[in-house]
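# Coordinate inspection notes
As a plain string of letters, each chain reads:
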Amino acid sequence: MEIQKELFSLQDKEYMKFLSKLTPNVPEDTIIGVRIPEIRKLAKKLVKNNEYEDFLKELPHKYYDENLLHGAIISESKNFEKCIKLLDNFLPFIDNWAVCDTISPKIFKKHKKELIEKIKEWSQSDKTYTCRFGVEMLMTHFLDEDFKKEYLEMVANIHSEEYYVKMVIAWFFATALAKQWDYAVIYLENNRLDVWVHNKTIQKARESLKILEDKKGYLKGLKRKKEGELI
């Protein structure tokens, strides 16, 4: 199967225009415009027919949609070690938040012990989307029954000027406030986060439907300002 040709057969030109606005750092002429359900359906077919190995070696890809498909194929992995190897090959080539955020390997749920060690490695990366992916996986898999206080510390110790790293840290702590309030709120009370991340965390938490109104009111009072800035 010629995968690029297959992707163009699934093209939605209106969706392509929408995507170009959603991902401004991705050149419009590299977006085919395939909707995510179609990407995932194609990924399943390629994996089922074992027609994807050569495609995964063709890095970097030309099209945004090829990167989405690459991530979707990895997400179908049934073998944890192979999944990690494929991710380590692919993550350095990711150049936008949308591709990063659609990767969610199902196999991770069965390998938490090994996964947390990889998350520690990814989240400390100086590559924007490798770091972002690590924090996302920590947020997805380790804020519920597998939660440990040290995971909050791990993310609080990430300091970056990259917008998409700062955003995922705020997203992580806003989610932690919804799931592990008593532990997470301390990081705001003690001003442990960079000011921008601190305030974005509060904003996202106050927009959440999973946090009670009295707690949202409390968070409002924790907002910080930069020197010379009015709140």
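Here the residue index of a chain counts from 1 through its sequence in written order. Whole-chain, interface and lining totals are the exception, using all residues; otherwise, since this is a predicted model, local features are given only for residues with pLDDT of at least 70 and side-chain atom pairs are given and counted only at 80 or more. Only heavy atoms go into the side-chain values, all of them from the structure, while hydrogens and water stay out.

## Here's the deal with the nonpolar core
Nonpolar side chains in soluble globular proteins tend to be buried together. We call a set of buried residues a nonpolar core when its members are Ala, Val, Leu, Ile, Met, Phe, Trp, Tyr or Cys and they connect through side-chain atoms within 4.5 Å of each other. We call a residue buried when its accessible area falls under 20% of the maximum for its residue type, exposed when it is over 50%, and partly exposed in between, using a 1.4 Å probe and counting protein chains only. Counting residues in hydrophobic clusters, the biggest one holds 79 residues, and the most contacted among them are L69 and F108. Helix and strand definitions here come from DSSP, where helices need a minimum of 4 consecutive H or I residues and strands a minimum of 2 consecutive E residues; each element is numbered from the N-terminal end. Looking at this core element by element, the count peaks at 9 residues for helix α11 (residues 163-179). We call two residues in contact whenever any of their non-hydrogen atoms come within 4.5 Å of each other. Discounting residues that sit within four places of it in the chain, F108 has contacts with F80, C83, I84, L87, L115, W122, F133, M137 and H141.

## Considering the packing of helix α13 (residues 195-207) against helix α14 (residues 213-220)
Between the N-to-C directions of two axes lies an angle of 0 to 180 degrees, each axis being a line fitted to C-alpha atoms and, for a helix, fitted only over the stretch in contact. Running from N to C, α13 and α14 cross one another at 160°; their axes reach a closest spacing of 9 Å. Overall, the two elements α13 and α14 adopt an arrangement that is roughly antiparallel. Note that α13 runs across α14; the crossing there is left-handed. Contacts between α13 and α14 involve I202, A205, R206 and E207 from the first element and K216, L219 and K220 from the second. Partitioning the contact of α13 with α14 into residue classes produces 3 nonpolar, no polar and 4 charged. Any angle between 65 and 115 degrees counts as roughly perpendicular, while under 35 counts as roughly parallel, over 145 as roughly antiparallel, and the rest as oblique. Less than a right angle of anticlockwise turn of the near helix away from the far helix marks a crossing as left-handed, whereas a clockwise turn marks it as right-handed. We call Asp, Glu, Lys and Arg charged. Ala, Val, Leu, Ile, Met, Phe, Trp, Tyr, Cys and Pro are nonpolar, and the rest, Gly among them, are polar.

## Comments concerning the side chain of T128
Tracing the sequence through the fold places T128 in helix α9 (residues 128-141). Here a polar contact means two N or O atoms within 3.5 Å. Within protein one must be a hydrogen donor candidate and the other an acceptor candidate, and residues neighboring in sequence count only if both atoms are side-chain atoms. Side-chain polar atoms of T128 contact the side chain of E162, separated by 3.4 Å. Look past the residues within four positions of T128 in its chain and what remains in contact with it is E162, Y164 and V165.

## Considerations on the packing of aromatic side chains
Geometry of aromatic contacts follows a simple scheme: Phe, Tyr and Trp rings, the Trp one being its six-membered ring, pair when their centres are within 6.5 Å, and the pair is stacked under 30 degrees between planes, edge-to-face over 60, tilted otherwise. Throughout the structure, instances matching the rule amount to 13 aromatic pairs. Look at Y129 and Y164: their rings are 6.1 Å apart centre to centre, the planes differ by 40°, and that puts the pair in the tilted class. Of this pair, Y129 sits in helix α9 while Y164 sits in helix α11, and the two are 35 residues apart along the sequence. When its relative accessible area of 9% is taken as the criterion, Y129 is described as buried. Feature note: the residues F80, F108, W122 and F133 constitute an aromatic cluster, connected by ring pairs. Two thresholds decide whether a charge sits over a ring: the Lys NZ or Arg CZ must be within 6 Å of the ring centre and within 35 degrees of the ring normal. Between K112 and the ring centre of F142, over which it is positioned, the NZ or CZ distance is 5.5 Å. It is K166 that lies over the ring of W196; its NZ or CZ is 4.7 Å from the centre.

## Examining the state of the cysteines
When two cysteine sulfur atoms are found within 2.5 Å, that pair is recorded as a disulfide. For the coordinates displayed, the defined rule picks out 0 disulfides. As a non-bridged cysteine, C83 has C100 as the owner of its nearest cysteine sulfur, 14 Å distant. Its sulfur unpaired, C100 is 9.3 Å from the next cysteine sulfur, which belongs to C131. Overall, the relative accessible area of 0% leaves C100 in the buried class.

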